[in-house]
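Geometric and topological summary
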Amino acid sequence: MKAMVDNHLFTGYSVGTVNPVRVSHLQFADDTLLLGKKSWANVRTLRATLVIFETMSGLKVNFNKSLLVGVNISESWLVEAALVLSCKVGKIPFMYLGLPIGGNPRRLSFWDPVVNKIKSRLSGWNSRFLSFGGRLVLLKAVLTSLPVYALSFFKAPLDSWVWLPDPIGGFTVRGAYEVLAASANPNRDSALDLVWHHQVPLKISISAWRLIRDRLPTRANLAARGILQLDTAWCVAGCGMIETADHLFLSCPFFTVLWEQVRHWLGCAGVDSNTISHHFVQFTGLAGFGKARRSFLQLIWLLAS
Ligand SMILES: [Zn+2]
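Cut-off values and rules
Residues numbered from 1 in each chain as written. Predicted model: local features only at pLDDT ≥ 70, side-chain atom pairs only at ≥ 80, totals over all residues. Heavy atoms only, no water. Donors = N, O, S within 2.8 Å, 3.2 Å for Na, K, Ca; no water. Tetrahedral: all angles 85-135°; square planar, octahedral: opposite > 155°, others 65-115°. Buried < 20%, exposed > 50% of the residue type's maximum accessible area, 1.4 Å probe, protein only. Pairing = 2+ DSSP bridges. Helix = DSSP H or I, 4+ residues; strand = E, 2+ residues; numbered from the N terminus. Axes fitted to C-alpha atoms, helices over the stretch in contact; angles between N-to-C directions. Parallel < 35°, antiparallel > 145°, perpendicular 65-115°, else oblique. Left-handed = near helix turned anticlockwise from the far one by under 90°. Contact = heavy atoms within 4.5 Å. Nonpolar A, V, L, I, M, F, W, Y, C, P; charged D, E, K, R; others polar. Domains from an automatic or database assignment. Patch = residues over 30% accessible without salt bridge, like charges linked within 9 Å, V, L, I, M, F, W, Y side chains within 5 Å. Areas by Shrake-Rupley, 256 points an atom, 1.4 Å probe, with all protein chains shown as cover. Salt bridge = Lys/Arg side-chain N within 4 Å of Asp/Glu carboxyl O. Lys, Arg positive; Asp, Glu negative; His and termini not counted. Charge placed at Lys NZ, Arg CZ, Asp CG, Glu CD. Core = buried A, V, L, I, M, F, W, Y, C linked by side-chain atoms within 4.5 Å. Expected span 1.5 Å × (residues − 1). Phe/Tyr/Trp six-rings, centres within 6.5 Å; stacked < 30°, edge-to-face > 60°. Lys NZ or Arg CZ within 6 Å of the ring centre and 35° of its normal.

**A word on the coordination of the zinc ion**
Distances from the zinc ion to its protein donors, namely Cys235 (SG), Cys239 (SG), His247 (NE2) and Cys252 (SG), fall within the range 2.0 to 2.3 Å. Given 4 donor atoms and angles of 94 to 120 degrees at the metal, the environment of the zinc ion is assigned as tetrahedral. A relative accessible area of 5% means that His247 is categorised as buried. When its relative accessible area of 0% is taken as the criterion, Cys252 is described as buried.

So this is what it looks like as C-alpha cells:
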C-alpha cells in the first residue's frame, strides 16, 4: 500500500487541514482497514494491490468477509465499486477489533454490541459446573473488563436521574409510598444488598445470600427436590417442626435463643420477625440510623447467621 501511495496510484484519506497526515491503511493482527478517497483509480489500485498481495504471499484475501464502507458516498456508486472488488457493501457503524466504528457513542444503541457481548457470555456460562464463588470471580474478572475496553475508546452517554415509577412527574414522597406499599416483598432486595460487606469473607456473604433466597440445603429443600423422603424433613433439633430456613434460623426454639443473646449483648430490645429478609433489615435498623452503626449490625447479623 505504501508503494502505491508513494507512486501516486492510491490516494489515502487525509486527516487535518494544515500539514495533513495521509492514512491509507491500518492493520492489527488479522484485521485490516484500507482507507482512501472516492475514485475509480483508487478502486482499481485496491483490487490490483490485493491480487498482488495474494500472489506474493500465497495467502488468500477473503473477499466475502470484506466490506466496502462509504462515508457520504451514494449507495449506487458503492454497489458498483463493491462489484469490482467482489466484496459486499457495509454500513457504519461497522466492527473493527471488536469495536463499533463510525457510530455515535452518545446514542444508547451504539452500546448494544457491548451489552449483547456480556449477555452472550453470561448465557454461555450457564452450563458450566462452577462453584458459586468461582462464578462470582469469573463475573468480576471477565465481565468488568468487557466494557472497560470499549470505554477506553469511547465516552459513554451520561446518565440522567429518572424516577422510574413516574418518569414524567418525577419523585414525590407519596409516589414512593405507593411503590413501597404495592411491591410484594420490598425487604428482600434491601436484605440482599446488605449481604455484601467489605469486612466479611466472600464465603459468608454467599452463604447469607443463599439463605435469604432460600437456596440452602435445609431438609425441607432437600425433600422438595426428592433427595430426602418427606417424612424425614423434620428439624435437626428434634423440635418436631419441618426444617425450613425460616424455622431453622428464626423460629426454632433451640436456635432462636442465639438472637436473644446477641440482642442482650448489644443491649437492644426487639422482636424477631419470622421472615429472614425482614429479620435482617429490621436487625440492622436496631440501633437507629447512621452508617457506622448499621454497618456494625450488618456484620453481627452475617456472623450470627
Ligand atoms: Zn426446630
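**Quick look at the pairing of strand β3 (residues 25-28)**
Here β3 pairs with strand β4 (residues 31-34) via 4 bridges, running antiparallel. From the neighbouring strand, His25 faces β4, where its bridge partner is Leu34. In this antiparallel pair of consecutive strands, β3 and β4, the connection spans 2 residues, and Ala29 shows a positive phi of 50 degrees.

**Description of the packing of helix α12 (residues 257-266) against helix α14 (residues 291-304)**
Look at α12 against α14: their axes get within 11 Å of each other, and the N-to-C directions meet at 150 degrees. Considering the angle they form, α12 stands roughly antiparallel to α14. α12 and α14 meet at a crossing whose hand is right-handed. Contact residues: Leu258, Trp259, Val262, Trp265 and Leu266 in α12; Phe296, Leu297, Ile300, Trp301 and Ala304 in α14. When grouped by side-chain class, the residues that make up the contact of α12 with α14 number 10 nonpolar, no polar and no charged.

**Some words on the domain arrangement of the protein**
What the domain assignment lists for the protein is domain 1 (2-91) and domain 2 (187-304). Computed from C-alpha atoms alone, the centre-to-centre distance between domain 1 and domain 2 is 65 Å.

**Considering a nonpolar patch on the surface**
A cluster of nonpolar residues, Tyr13, Val15 and Val21, forms a patch on the protein surface that exposes about 290 Å² of accessible area. Following the sequence through the fold, Val15 ends up in strand β1 (residues 13-15). For Val15, a relative accessible area of 44% gives the class partly exposed.

**Brief notes about a positive patch on the surface**
A cluster of basic residues, Arg135, Arg210, Arg215 and Arg225, forms a positive patch at the surface. Within the fold, Arg210 resides in helix α9 (residues 202-212).

**Remarks on the side chain of His247**
Considering the arrangement of structural elements, one finds His247 in helix α11 (residues 245-251). Beyond its immediate sequence surroundings of up to four residues, His247 is in contact with Cys235, Cys239, Met241, Ile242, Cys252 and Pro253.

**Notes on the nonpolar core**
By size, the foremost hydrophobic cluster in this structure holds 27 residues, and its most contacted members are Leu211, Ile212, Phe249, Ile276, Phe280, Phe283 and Trp301. Only α8 (186-194), α9, α11, α12, α13 (276-284) and α14 provide two or more residues apiece to this core. Element by element, the count of residues in this core is highest for α14, at 5 residues. When neighbours within four sequence positions are excluded, Trp301 is seen to be in contact with Leu211, Trp259, Ile276, His279, Phe280 and Phe283. In this structure, Met4, Val43, Ala82 and Leu85 belong to the second largest nonpolar core, which totals 11 residues.

**A look at α14**
Under the 1.5 Å per step criterion, the end-to-end length of α14 is 20 Å for 14 residues, consistent within 8% with the ideal 20 Å. Listed in full, the buried residues belonging to α14 are Leu297, Gln298, Leu299, Ile300, Trp301 and Leu302.

**Concerning unusual backbone geometry**
Put simply, Ile92 and Pro93 share a cis peptide bond, and its omega is 0 degrees. Phi angles above zero are rare outside glycine, and Ser86 is one such case at about 45 degrees. Among the structural elements, Ser86 can be located in the loop between α3 (75-84) and β6 (88-90). Among the residues examined, Ser86 registers a relative accessible area of 38% and is labelled partly exposed. Unusually for a residue other than glycine, Asp214 sits at a positive phi of about 55 degrees. Inspection of the secondary structure puts Asp214 in the loop between α9 and α10 (219-224). Exposure remark for Asp214: the relative accessible area of 36% places this residue in the partly exposed category.

**As for the packing of aromatic side chains**
Applying the stated criterion across every chain, the model contains 6 aromatic pairs. Here Phe110 and Phe154 contribute two aromatic rings whose centre-to-centre distance is 4.9 Å and whose plane-to-plane angle is 80 degrees, an arrangement assigned as edge-to-face. Linking Phe110 in the loop between β8 (99-101) and α4 (112-125) with Phe154 in the loop between α6 (145-151) and α7 (173-182), this pair joins segments that are 44 residues apart in sequence. Given a relative accessible area of 7%, Phe110 falls into the buried group. The class for Phe154 is buried, based on a relative accessible area of 19%. Taking the centre distance of 5.9 Å and the plane angle of 25 degrees together, the rings of Trp259 and Trp301 count as stacked. Residue Trp259 is found in helix α12, and its partner Trp301 is found in helix α14; the two are separated by 42 residues along the sequence. Classification of Trp259 as buried rests on a relative accessible area of 2%. Members of the aromatic cluster, connected to one another through ring pairs, are Trp259, Phe280, Phe283 and Trp301. Directly above the ring of Phe63 sits Arg47, whose terminal nitrogen or CZ lies 4.8 Å from the centroid.

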